[in-house]
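Residues per chain, in single letters:
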Amino acid sequence: MAAPLLRYGDCLNFASAFQRWSGRFRAFTACILRGSAFRSDVVDFLEHPIARIRSVQQGPKRLQARDVYKGRDYDIVGTSYDAKTGQITFPPGLTEAQRDAVRDSLVKPSQSETQDFLRMQRDGIQRILNRYSASSTKIVLTPVPRGPFAGFPGASMTFHAAFPPITTQRAVFSLPEQTFDFLEKPEYYFDGFHLNSKGRQRFTETLVTELVGRLRSANSNGRVHFDSRPGADRLSLGHPGSDIGSPLVKVHMTHRWTRPTSY
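All of these numbers come straight from a predicted model, not from anything done at the bench.

Reading guide: rules and limits
- Residues numbered from 1 in each chain as written.
- Predicted model: local features only at pLDDT ≥ 70, side-chain atom pairs only at ≥ 80, totals over all residues.
- Heavy atoms only, no water.
- Helix = DSSP H or I, 4+ residues; strand = E, 2+ residues; numbered from the N terminus.
- Buried < 20%, exposed > 50% of the residue type's maximum accessible area, 1.4 Å probe, protein only.
- Contact = heavy atoms within 4.5 Å.
- Areas by Shrake-Rupley, 256 points an atom, 1.4 Å probe, with all protein chains shown as cover.
- Axes fitted to C-alpha atoms, helices over the stretch in contact; angles between N-to-C directions.
- Parallel < 35°, antiparallel > 145°, perpendicular 65-115°, else oblique.
- Nonpolar A, V, L, I, M, F, W, Y, C, P; charged D, E, K, R; others polar.
- Core = buried A, V, L, I, M, F, W, Y, C linked by side-chain atoms within 4.5 Å.
- Lys, Arg positive; Asp, Glu negative; His and termini not counted.
- Salt bridge = Lys/Arg side-chain N within 4 Å of Asp/Glu carboxyl O.
- Phe/Tyr/Trp six-rings, centres within 6.5 Å; stacked < 30°, edge-to-face > 60°.
- Pairing = 2+ DSSP bridges.
- Arc of directions from axis to C-beta.

Q: I would appreciate a short explanation of the overall build of the protein chain in the present structure.
A: Along the backbone of the protein chain there are eight helices and seven strands. Within the protein chain, the proportion of its 263 residues that are buried is 38%. Here the analysis covers contacts within the protein chain between residues at least 6 apart in sequence; of these, 69% occur between residues at least 24 apart. Working note: accessible area of the protein chain is about 15,700 Å², and carbon and sulfur atoms make up 56% of it.

Quick look at the structure:
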């Protein structure tokens, strides 16, 4: 999906992000030979043209439904986890899919998986910084909630382990590591990974409040606290007096847990 959107100069870096050589080869080939990435899509269209045309016609409705989506209005309250015994207790109302997601979220990743995830985070963040190095875009590094049972042993990595050293005077700042700790409860999740409607609402409100406050502070004096750890240095935003809506803000959300999961 991503390969056709990349430049030819991105092919090596894009392929190197994959852990296995088979994945690297497929990614590199799809990036160089753009048509190969669309092959299955074309074949599917030839086999099911009417269904595909209907799907395209329904596109605006799907986009509208996505815009008004507020999240799922149920939770996993009553689910508990004993870190010493590994025992998980579920309330009677949970579906098997919810139970499976909770179990998966509690599986401790291997050392190699952890290291590979950290490498991807460091490389990805640095590439974002490099891409916007000549622009006035502000870069925000923020944690996200780790899950309903984030405190269990082995689940957490330090927020800074995934961040590359920031040595240049860039428009970069970070939200505190504990910003979303209050959301790491079963009442804010509908399975082991995803926030429910109440969690989504609280997450959005908190993120917007934090960003607006820091951008206003930066615009008033040209500097902003890099306060995700005690005693951290202040980083210049480089554009004092600019409006909050301009320059743009790019937010990179990084997990503090040790396994890459869609969020």
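So, next bit.
Q: How do you make sense of the packing of helix α4 (residues 49-57) against helix α5 (residues 59-67) when you look at a structure like this?
A: Describing two packed helices takes the angle between their axes plus the distance from one axis to the other. In the contact formed by α4 and α5, the axes pass within 4 Å of each other and the chain directions differ by 45°. Of the possible angle classes, the one that applies to α4 and α5 is oblique. Seen from α4, the contacting residues are Ser55, Val56 and Gln57; seen from α5, they are Gly59, Pro60 and Arg62. Across the contact of α4 with α5, the residue classes break down as two nonpolar, three polar and one charged.

Q: Would you mind going over the nonpolar core with me for this structure?
A: The tendency in soluble globular proteins is for nonpolar side chains to be buried as a group. Ile76, Val102, Phe203, Leu207 and Leu211 are the most contacted members of the largest nonpolar core, which totals 20 residues. Tallying contributions element by element places helix α8 (residues 197-221) first for this core, with four residues. Contact partners of Val102, with chain neighbours within four places excluded, come to Ile76, Thr79, Ile88, Phe90, Phe149, Asp191 and Gly192. Ile128, Leu129, Leu141 and Val172 belong to the second-largest nonpolar core, a separate cluster that totals six residues.

Q: Quick question: what am I supposed to make of the side chain of Arg99 here?
A: Assignment of secondary structure puts Arg99 in helix α6 (residues 96-105). Despite being buried, Arg99 has no salt bridge partner; Glu96 is the closest side chain of opposite charge, sitting 4.6 Å away. Apart from the residues lying within four places of it in its own chain, the contact partners of Arg99 are Phe90, Pro91, Pro92 and Leu94.

Q: Quick question: what am I supposed to make of the packing of aromatic side chains here?
A: Pairs of aromatic rings are described using the distance from one ring centre to the other and the angle between the two planes. Across all of its chains, the model carries three aromatic pairs by this definition. Ring plane angle 85° and centroid distance 5.6 Å describe the contact between Phe14 and Phe18, whose orientation is recorded as edge-to-face. Plain terms: the ring middles of Tyr74 and Phe190 are 6.0 Å apart, the flat faces sit at 70° to each other, and that makes the pair edge-to-face. One end of the pair, Tyr74, is in the loop between α5 and β1 (80-82); the other, Phe190, is in the loop between β4 (172-174) and α8, with 116 residues separating them in the sequence. You can call Phe190 buried: its relative accessible area is 10%.

Q: It is not clear to me how the pairing of strand β3 (residues 138-143) should be interpreted in this structure. Could you clarify?
A: Where a strand is regular, its side chains alternate between the two sheet faces. By the criterion of burial, β3 is predominantly enclosed, with six of the six residues buried. Residues of β3 alternate between two faces, with Lys138, Val140 and Thr142 on one and Ile139, Leu141 and Pro143 on the opposite face, all of them buried. With three bridges connecting them, β3 and β4 associate as parallel partners. Bridging from a neighbouring strand, Leu141 pairs with Ser174 of β4.

Q: When you look at the environment of Glu210 in this model, what are you seeing that I'm missing?
A: Topologically, Glu210 is positioned in helix α8. Along the backbone, Glu210 and Pro176 are 34 residues apart, and their C-alpha atoms lie at a distance of 9.5 Å. The contact partners of Glu210, leaving out residues within four places of it in the chain, are Leu175, Pro176 and Thr179.

Q: Got a minute to help me understand the environment of Lys198 in this structure?
A: Looking at the element boundaries, Lys198 is found in helix α8. Distance in space between the C-alpha atoms of Lys198 and Glu187 is 8.3 Å, their sequence separation being 11 residues. Those residues within four positions of Lys198 in sequence are excluded, and the remaining contacts are Glu187 and Tyr188.

Q: Help me understand α6, please; the structure alone is not making it clear to me.
A: Along an α-helix, residues three or four positions apart point the same way, because every turn accommodates 3.6 residues. Looking at α6, one finds that the buried residues are Gln98, Arg99, Ala101, Val102 and Ser105. One face of α6 carries all of its buried residues, which in axial projection span an arc of 160°. Of the surrounding elements, those touching the buried residues of α6 are β2 (87-89).

That's the geometry; what it means functionally is another story.
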